[in-house]
Amino acid sequence: MSTIYPVILCGGSGTRLWPLSRKSYPKQFVPLIGETSLLQQCAERLRGPADTPYAKPLILTNEAFRFVVPEQLMAIGVDPGPILIEPEGRNTAPAVLAAALRLFSDDPDAMMLVAASDHVIPDTSAFHTAVAEGARTIAERGDLVTFGITPDRPETGYGYLKLRQVPDASGTPVQLDRFIEKPDLDSAKAMVSEGSYLWNSGIFLFAVRDILAAFDQYARELVAPVKKAIEQAQSDLGFLRLDPKAWSSVQDISIDYAVMEKADNLSVVPYAAGWSDVGSWSAVQALSNPDADGVATSGEVTAIDCRNVLVRSESPAQEVVAMGLENVIAVAMPDAVLVASVDRAQDVKQAVSALKAKGAKQAESLPVDHRPWGWFESLVIGDRFQVKRIHVHPGASLSLQSHHHRSEHWIVVEGTAEVTIDDKVQLVSENQSVYVPLGAVHRMVNPGKVPMVLIEVQTGTYLGEDDIIRYEDVYARD
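Residues numbered from 1 in each chain as written. Predicted model: local features only at pLDDT ≥ 70, side-chain atom pairs only at ≥ 80, totals over all residues. Heavy atoms only, no water.

### Describing a nonpolar patch on the surface
Together, Ile304, Val321 and Met323 line one region of the surface with nonpolar side chains, adding up to about 290 Å² of accessible area. Checked against the element boundaries, Met323 lands in strand β15 (residues 320-323). Taking relative accessible area as the criterion, Met323 reaches 58% and is therefore assigned exposed. (Patch = residues over 30% accessible without salt bridge, like charges linked within 9 Å, V, L, I, M, F, W, Y side chains within 5 Å. Areas by Shrake-Rupley, 256 points an atom, 1.4 Å probe, with all protein chains shown as cover. Salt bridge = Lys/Arg side-chain N within 4 Å of Asp/Glu carboxyl O. Helix = DSSP H or I, 4+ residues; strand = E, 2+ residues; numbered from the N terminus. Buried < 20%, exposed > 50% of the residue type's maximum accessible area, 1.4 Å probe, protein only.)

The following block contains the structure:
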């Protein structure tokens, strides 16, 4: 059997799960269901069973998340394979083609299992069985394989797959008749009743040779610029950065439109063991083990006399009490709160658009700002001062930098910091502090084996994050 290379697509902004998921840190990195993030759950699932040749995952992501991805994977013991950096989003067809070209150069006989990083598939064993069925179909017939989800309700938020026959309960692949766009409710009810329609999961399995041949046949205009973006890609700290100029000329198009809807050798593996794209707060509610009254809670929440509600508190210091609510979603973040009717769950992205229009930073940014060395959050902001909490990972280092407009006072509250200020290097331990004058060239390193936490007090005429002059940076940021 050919080696299966998981290809994880890890972009997107997840605006329908605002305020928890935002452009600066979207839903795939958030522990929405369980203790680990959706990306981590996806990577665990795609390790494969012990007796199946699964390779390290190939990841496609963007510049903003290039350090978050390996950090989250290494935290669960997954050693990522190549991480391709897309200069800008170009939808799934160019991403799949770039992955196929990259894999073909290493293993022309490979199979690639393409999956989004933000889906929930609870039964890993059943999923592996479905993948094995797809792999057998590829070996026997050379088909392109997609996975169709047996619908449990008439859903208008998903596209559908029309099969050439009603599938049986064995999970045996069935040939695809056609793709169906997201339907209206009456059409969805009719399709679910008819029995030969499945939800389109967006999960695919191909032999690399076969999908490259399909691109040559059905989407030849994509091949040359994507191939050029791969050939002229630059290695960067273990990442492979696709060439921006070549990538900018690539058409923005999905794999369904570019190839799958045109190909005549498609098979569908029916899958009925549970799947969700976690595309709305209603989906999160269903996955959060609601009680007999439909009440699902997370965090510091007390719900009294409620029916069919989702209530989440995303801060341990924030107690949320819900009384007498029915058909309501309430999600409380330290800087924003969503309260919505359950039947408007698919419309949350409208709220994000409204916030962007009024210039609210909460539309896209979280109060916690993630960096390759750790993270920081703003605790208090005034006209000429700001107080931050800064968390630095063991062994991590901030850049050697200076500021034009602010001075800083650092108080270490956990661990030990190695601090450079101009020509002086010193260790600053818990309950000790150090002052960084305006214009001083400085750096902070965590030399220990435990996280280091400090409180930073900034004072000055301008406190924006763009007031940084970097002289050296181990993460090669500009």
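Once you've had a look at it, read on.
### A closer look at the domain arrangement of the protein
Per the domain assignment, the segments of the protein are domain 1 (4-271), domain 2 (281-345) and domain 3 (368-472). Centre-to-centre, using C-alpha coordinates, domain 1 lies 31 Å away from domain 2. Taken residue by residue, the interface counts 10 residues in domain 1 and 13 residues in domain 2. Summed over both partners, the interface of domain 1 with domain 2 buries about 970 Å², with 69% contributed by carbon and sulfur atoms. Applying the counting criterion to the domain 1 and domain 2 interface returns 1 salt bridge. Among the ionic pairs, Arg22 bridges to Asp335, the shortest N-O distance being 2.8 Å. Taken together, the residues of the side of domain 1 that touches domain 2 sort by class into 8 nonpolar, no polar and 2 charged. (Domains from an automatic or database assignment. Contact = heavy atoms within 4.5 Å. Buried area = accessible area lost by both parts, 1.4 Å probe. Nonpolar A, V, L, I, M, F, W, Y, C, P; charged D, E, K, R; others polar.)

### Digging into the packing of aromatic side chains
Counted according to the given criterion, the structure contains 10 aromatic pairs. Taken together, a centroid distance of 6.4 Å and an interplanar angle of 85° make the contact between Phe127 and Tyr271 edge-to-face. Separated by 144 residues along the polypeptide, Phe127 in helix α4 (residues 124-141) and Tyr271 in strand β11 (residues 266-271) bring together distant segments of the chain. Taking the centre distance of 6.4 Å and the plane angle of 50° together, the rings of Trp199 and Trp275 count as tilted. (Phe/Tyr/Trp six-rings, centres within 6.5 Å; stacked < 30°, edge-to-face > 60°.)

### Topic: the UniProt feature "domain: MannoseP isomerase/GMP-like beta-helix" (unreviewed entry) in the protein
Per the UniProt record, "domain: MannoseP isomerase/GMP-like beta-helix" (unreviewed entry) is annotated on residues 299-355. Across residues 299-355 one finds 14% helix and 47% strand; the C-alpha atoms that close the span lie 25 Å apart. (UniProt positions renumbered as here; feature names shortened; annotations may be inferred.)

### Points about the environment of Arg16
Summarising the element assignment, Arg16 is placed in the loop between β1 (4-9) and α1 (38-45). Given a relative accessible area of 26%, Arg16 falls into the partly exposed group. Considered as a pair, Arg16 and Gly279 are 263 residues apart in the sequence and their alpha carbons are 6.6 Å apart. Of the polar contacts made by the side chain of Arg16, one reaches the backbone oxygen of Gly279; its length is 3.1 Å. At a separation of 3.2 Å, a polar atom in the side chain of Arg16 contacts the side chain of Gln346. (Polar contact = N/O pair within 3.5 Å; in protein donor to acceptor, adjacent residues only side chain to side chain.)

### A few points about the pattern of salt bridges
Summed over the entire model, instances satisfying the criterion amount to 26 salt bridges. A salt bridge links Glu63 to Arg241; the nearest nitrogen and oxygen atoms lie 2.3 Å apart. In this pair, Glu63 sits in the loop between β2 (58-62) and α2 (68-75) while Arg241 sits in strand β10 (residues 239-241), placing the two residues 178 residues apart along the sequence. Its relative accessible area of 38% is what places Glu63 among the partly exposed residues. Arg241 gets classed as partly exposed once you look at its relative accessible area, which sits at 23%. One salt bridge connects Asp143 with Arg141, and the closest N-O pair in it is separated by 3.2 Å.

### Here we look at the UniProt feature "domain: Nucleotidyl transferase" (unreviewed entry) in the protein
When the UniProt feature table is mapped onto this chain numbering, "domain: Nucleotidyl transferase" (unreviewed entry) sits at residues 6-288. Segment residues 6-288 splits into 35% helix and 21% strand. End C-alpha atoms: 27 Å apart.

### Concerning the environment of Asp118
Within the secondary structure, Asp118 is located in the loop between β4 (111-116) and α4. Along the chain, Asp118 and Asn289 lie 171 residues apart, while their C-alpha atoms are 19 Å from each other. Every residue in contact with Asp118, bar those within four places of it in the chain, is listed here: Lys27, Gln28, Leu38, Asp277 and Val278. Of the polar contacts made by the side chain of Asp118, one reaches the side chain of Lys27; its length is 3.5 Å.

### A look at the sheet that holds strand β22 (residues 406-414)
In spatial order, the strands read β18-β19-β20-β27-β22-β25; together these 6 strands make up an open sheet with antiparallel pairing. The sheet is open, and its two edges are formed by β18 (368-371) and β25 (433-436), each paired on a single side. For this sheet the average axis-to-axis angle between neighbouring strands, irrespective of direction, equals 20°. Inspection of the sheet shows strand β20 (residues 385-392) paired to strand β27 (residues 452-460) by 8 bridges, in the antiparallel sense. Bridge pairing links Phe385 to Thr459 in β27. (Pairing = 2+ DSSP bridges. Axes fitted to C-alpha atoms, helices over the stretch in contact; angles between N-to-C directions.)

### Side note on the side chain of Thr61
Relative to the elements of secondary structure, Thr61 occurs in strand β2. For Thr61, a relative accessible area of 1% puts it in the buried group. A distance of 2.9 Å separates a polar atom in the side chain of Thr61 from the backbone oxygen of Cys10. Residues in contact with Thr61, not counting those within four places in the same chain, are Cys10, Arg66, Val69, Ile83, Leu84, Ile85 and Glu86.

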